[in-house]
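Commentary on secondary and tertiary structure
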Amino acid sequence: MVLRHLRRIKNKFASVVRRIFRKKKDVRIGLYGPVNSGKTTLANRICMDWLGEELGKVSVIPHETREIQIKERVTVRDNGKSLTFNLVDTPGIATKIDFEDFVKFGVKRKDAKQRAKEATRGVIEAIKWLDNMDMVLVVIDSTKNPISQVNITILGNLDARNTPLLIVSNKIDLKKSDTTRIRNAFPGYEVIGVSAKTGAMMNEFYKMLLKKL
Amino acid sequence: MLRIKLIPYEKLKRGNYSDLLKDLKEGTIIIVDAKLTPSEEADLIEETMKIISDRFSGIELSSLELTELKDTTRMDRFRNLIIEMILGKRRGLTIIGPAKIIRKIEKNPEELLLYM
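All of the points below concern the structure found in this document. From a predicted model like this one, the values you see are computed outputs, not experimental measurements.

What counts, and where the lines are drawn
- Residues numbered from 1 in each chain as written.
- Chains lettered and ligands numbered in written order.
- Predicted model: local features only at pLDDT ≥ 70, side-chain atom pairs only at ≥ 80, totals over all residues.
- Heavy atoms only, no water.
- Helix = DSSP H or I, 4+ residues; strand = E, 2+ residues; numbered from the N terminus.
- Buried < 20%, exposed > 50% of the residue type's maximum accessible area, 1.4 Å probe, protein only.
- Contact = heavy atoms within 4.5 Å.
- Areas by Shrake-Rupley, 256 points an atom, 1.4 Å probe, with all protein chains shown as cover.
- Axes fitted to C-alpha atoms, helices over the stretch in contact; angles between N-to-C directions.
- Parallel < 35°, antiparallel > 145°, perpendicular 65-115°, else oblique.
- Nonpolar A, V, L, I, M, F, W, Y, C, P; charged D, E, K, R; others polar.
- Phe/Tyr/Trp six-rings, centres within 6.5 Å; stacked < 30°, edge-to-face > 60°.
- Lys NZ or Arg CZ within 6 Å of the ring centre and 35° of its normal.

Focus on the overall build of chain B
Looking only at helices and strands, chain B has three helices and six strands in total. When the helices and strands of chain B are read in sequence order from the N terminus, they spell out β-α-β-α-β-α-β-β-β. Of all 116 residues assigned to chain B, the portion counted as buried reaches 49%. By sequence separation, contacts in chain B at least 24 residues apart represent 72% of the contacts at least 6 residues apart. Of the roughly 6500 Å² that chain B leaves accessible, carbon and sulfur atoms contribute 54%.

What follows is the structure, encoded as structure tokens:
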């Protein structure tokens, strides 16, 4: 109990100190979420919209992003307001990684095992980087049940660190998409529905982003 | 044979997950008599990632917090806070199982459903 409280106090203190001493230009926005929720697709969309170049490779095979990827100095503008930040794309957080899942996608067993090993390191890195974020975009696949342990753990950890966050309900272009289900699952959080793939609702997303920071 | 072990939260409190992970690797499902904090959940995920291998693919976990179950009044919330301070843990339970045995845990605010 005491240890837990000390840890929480330490995290809050570190977060406040970080925000005071970090220059405005060093604002870090992280993309967090479960595997295959579309974090890198969203990162690519943001980077394409404002820098004209992509950040990372996307794939239907889970755990395509296995390392932290950063795009520096992305400037978003709307109605005379602007925000410059470093965009941090993180590997998807998972509680299990089975190399057999990659084999099902046609990856050779040896490569699948290597991919699994790299993916485990990626999850650890993503969790460690939670301490370094000024804001987090929690990317959730709106076609899936949002009440998953990974989503709950991510939101709980951001709350414990007092990190501002915005839930991005992604894949609204798909028929099964249900952003209301996400709003109902996590009341008290701001939720915006977008399609990172088609670009739908991205202008509203940028307006919300500018309002948050 | 399916093995289920009930353990007190106190065993995990100091962040020592080695016994827990050893049981999970051996195929035991663990029930903890409290809800883990978000930081404990993150620590457990990190420790799990370190031991994932060809034979052990990870875990499924989910928690129920008893105080979340009803629209409690302020008085109820205050009483729960006092109880938690005295007990030193969050009232609820956590189920952790090897991913090879528990394929999915479905959670709604009041129930946990395990698919095996």
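So, the packing of helix α2 (residues 39–50) of chain A against helix α7 (residues 202–212) of chain A
Residue and element names in this part refer to chain A. Across the interface, α2 lies against α7 with an axial gap of 12 Å and an inter-helix angle of 85 degrees. Compared by their axis directions, α2 and α7 come out roughly perpendicular. In contact with Leu42, Arg45, Ile46, Asp49 and Trp50 of α2, α7 contributes Met202, Phe205 and Tyr206. Along the lines of polarity and charge, the residues of the contact of α2 with α7 split into six nonpolar, no polar and two charged.

Considerations on the side chain of Thr120 of chain A
Along the chain, Thr120 of chain A turns up in helix α4 (residues 109–129). Excluding anything up to four places from it in sequence, Thr120 of chain A contacts Ile97 of chain A together with Met49 and Ile52 of chain B.

Focus: the packing of aromatic side chains
Residues and elements named next belong to chain A. What the rule picks out here adds up to two aromatic pairs over all chains. Ring geometry for Trp50 versus Tyr206: centroids 5.2 Å apart, planes at 85 degrees, classification edge-to-face. Highlighted residues: Trp50 in helix α2 and Tyr206 in helix α7, separated in sequence by 156 residues. When its relative accessible area of 28% is taken as the criterion, Trp50 is described as partly exposed. Judged by relative accessible area, Tyr206 falls into the buried class, the value being 3%. Each member of the aromatic cluster is reached from another via a ring pair, and the members are Trp50, Phe205 and Tyr206. The ring centre of Phe99 lies 5.2 Å from the NZ or CZ of Lys113, which sits over that ring.

The analysis is restricted to geometry; functional conclusions fall outside its scope.
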